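# Survey of secondary and tertiary structure
So the chains spell out like this:
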Amino acid sequence: MKLGIVGLPNVGKSTLFNAITKAGAEAANYPFCTIEPNVGVVTVPDERITRLHEIYNSRKTVYTTIEFCDIAGLVKGASKGEGLGNKFLGHIREVAAIVHVVRCFQNDNIVHVDGRIDPASDIETINTELLLSDIEILERRIQKTAKMAKADKKLQGELDLLNRVNDFLADGNNARSMDLDEDEAAFVKSLDLLSYKPIIYVANVSDEDLVAGEDNEYVQKVREIAAGEDAEVVVISAEIESEIAELEDEEKALFLEDLGIEESGLDKLIKASYHLLDLISYLTAGEDECRAWTIRRGTKAPQAAGKIHSDFERGFIRAETIAYDKFIECGGNMATAKEKGLLRSEGKEYVVKDGDIITFLFNV
């Protein structure tokens, strides 16, 4: 899973990226510091895997990961090539979801590209550039489909939908907020429109605001906009995340406790990402390895098995399954779980649930 971090220059994108990935992307007080996208892989914390490792004393423990891509700051006119726009828009097209960082703090020492702090204007600038890029793509697709529809009347429905989407975007709406049935949604998704990608707004606040309370006037404005798009909002202080990134796990917990913060910004962002993309994790456990596997909610057992290896899916027989919580209630003893009837044998139609501990049986 790859998430693209976007926003105007100097809103804290690279500072946040550095903090959550410890990748050392350059962060500087001038536009276009980031030219090529920096990519960092982040381990997804999962206490369940840690506990299973302790139970099995496994030789190998593998957590699932998220890939973050720090994409350079967009500016007004990016869709027409302003700044380094077209190149950056192409980078956004490659990610599964967008993390839009919005500046929600005052600091006279950090310049703003427009000379003022205005989250609504910042969001509109980015969204407008994404829409203009999408409209350009749609217009080319409409022209091509219109020509083909003259010879193939079956394409008229596709042409009508393309025009409908184009009109919707031309009115300033994001494609992801369009009311579509299942077939229409699948088609629009295939167009790979930037404004159809799911989005998380990250309100970057000062460390004082995060400690005192998340909702300053700028954050409230971001929440209003996100509510209209049914989008996620995560409030983070990139400054605090930078400090947390330098600490060991035990120190990190004490640091958060001292600040009165329940979880780090990274943890909040990961949870929001999983929710946004409708992802869950199932677990495999044993002496050789304990591991988390990320799948989409609603995935059936054979397809979940295929995440491990295609042979598992092709030769799937059944899945021996127990919920993580039930396993822990049995003291981490699979024999006890089996005696209590908590270890189930599931077939091809079983829909895997978050936290399922699974052993797959299959024919080679």
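So, here's what we can say about the structure. (Residues numbered from 1 in each chain as written. Predicted model: local features only at pLDDT ≥ 70, side-chain atom pairs only at ≥ 80, totals over all residues. Heavy atoms only, no water.)

### Notes on the overall build of the protein
In terms of helices and strands, the protein carries 15 helices and twelve strands. Taking all 364 residues of the protein together, the buried fraction comes to 48%. Sequence-distant contacts, at least 24 apart, represent 68% of the contacts inside the protein between residues at least 6 apart. (Helix = DSSP H or I, 4+ residues; strand = E, 2+ residues; numbered from the N terminus. Buried < 20%, exposed > 50% of the residue type's maximum accessible area, 1.4 Å probe, protein only. Contact = heavy atoms within 4.5 Å.)

### Overview of the sheet that holds strand β1 (residues 2-6)
Across the sheet, which stays open at both edges, the six strands sit in the order β2-β4-β1-β5-β6-β7 with mixed pairing between neighbours. Each edge of the open sheet is held by one strand with a lone partner, namely β2 (38-43) and β7 (232-236). Sheet twist, expressed as the mean angle between neighbouring strand axes with direction ignored, is 25°. Here β2 pairs with strand β4 (residues 65-70) via six bridges, running antiparallel. Looking across to β4, one finds that Val41 is bridged to Glu67. Against the sheet, helix α8 (residues 217-229) contacts β5 (97-103), β6 (199-204) and β7, and its axis sits at roughly 175° relative to β6. (Pairing = 2+ DSSP bridges. Axes fitted to C-alpha atoms, helices over the stretch in contact; angles between N-to-C directions.)

### Topic: the packing of aromatic side chains
Scanning the model with the defined rule gives five aromatic pairs in all. Ring geometry for Tyr282 and Trp293: centres 6.5 Å apart, planes at 15°, overall stacked. Of this pair, Tyr282 sits in strand β8 (residues 279-284) while Trp293 sits in strand β9 (residues 289-296); the two residues are eleven residues apart in sequence, bridging distant segments of the chain. The positively charged end of Arg291 is found above the aromatic ring belonging to Trp293, 4.1 Å away from the centroid. (Phe/Tyr/Trp six-rings, centres within 6.5 Å; stacked < 30°, edge-to-face > 60°. Lys NZ or Arg CZ within 6 Å of the ring centre and 35° of its normal.)

### Remarks on the packing of helix α9 (residues 238-245) against helix α10 (residues 249-259)
In the contact formed by α9 and α10, the axes pass within 9 Å of each other and the chain directions differ by 145°. α9 and α10 meet at a crossing whose hand is right-handed. Residue-level inspection shows Ile240, Glu243 and Ile244 of α9 in contact with α10, the latter providing Lys252, Phe255, Leu256 and Leu259. Looking at the contact of α9 with α10, its residues break down into five nonpolar, no polar and two charged. (Left-handed = near helix turned anticlockwise from the far one by under 90°. Nonpolar A, V, L, I, M, F, W, Y, C, P; charged D, E, K, R; others polar.)

### Focus: the packing of helix α4 (residues 119-151) against α8
Where α4 contacts α8, the two axes come as close as 9 Å, and the packing angle between them is 40°. Considering the angle they form, α4 stands oblique to α8. In this structure, α4 uses Pro119, Ala120, Ile123 and Asn127 to contact α8, whose residues at the interface are Tyr218, Lys221, Val222, Ile225 and Glu229. Of the residues belonging to the contact of α4 with α8, the class tally is six nonpolar, one polar and two charged. (Parallel < 35°, antiparallel > 145°, perpendicular 65-115°, else oblique.)

### Quick notes on the pattern of salt bridges
The full count for this structure, using the stated rule, is 19 salt bridges. A salt bridge links Asp288 to Arg59; the nearest nitrogen and oxygen atoms lie 2.0 Å apart. Pair noted here: Asp288 is in the loop between β8 and β9 and Arg59 is in the loop between α2 (47-56) and β3 (60-62), with a separation of 229 residues, a long-range link. Across the salt bridge formed by Glu349 and Lys300, the nearest N and O atoms sit 2.5 Å from each other. (Salt bridge = Lys/Arg side-chain N within 4 Å of Asp/Glu carboxyl O.)

### Some thoughts on the nonpolar core
Judged by nonpolar contacts, the single largest core of 55 residues is most densely connected at Phe68, Ile92, Cys104, Tyr201, Val202 and Leu269. No other element matches helix α11 (residues 265-277), which puts six residues into this core. Membership of the second largest hydrophobic core comes to 18 residues, among which are Leu131, Ile135, Leu138 and Ile142. (Core = buried A, V, L, I, M, F, W, Y, C linked by side-chain atoms within 4.5 Å.)

### Here's the deal with unusual backbone geometry
Backbone geometry at Asn10 places phi at a positive 65°, although glycine is not the residue there. Turning to its location among the elements, Asn10 is positioned in the loop between β1 and α1 (13-21). The exposure class assigned to Asn10 is buried, which follows from its relative accessible area of 13%.

### Re the side chain of Asn216
Mapped onto the secondary structure, Asn216 falls in the loop between α7 (207-212) and α8. Side-chain polar atoms of Asn216 contact the backbone nitrogen of Tyr218, separated by 2.9 Å. Within the structure, the side chain of Asn216 is placed 2.7 Å from the backbone nitrogen of Val219, a separation counted as a polar contact. Residues in contact with Asn216, not counting those within four places in the same chain, are Cys104, Val205 and Asp209. (Polar contact = N/O pair within 3.5 Å; in protein donor to acceptor, adjacent residues only side chain to side chain.)

Without other data, these values stay purely geometric and don't point to any function.
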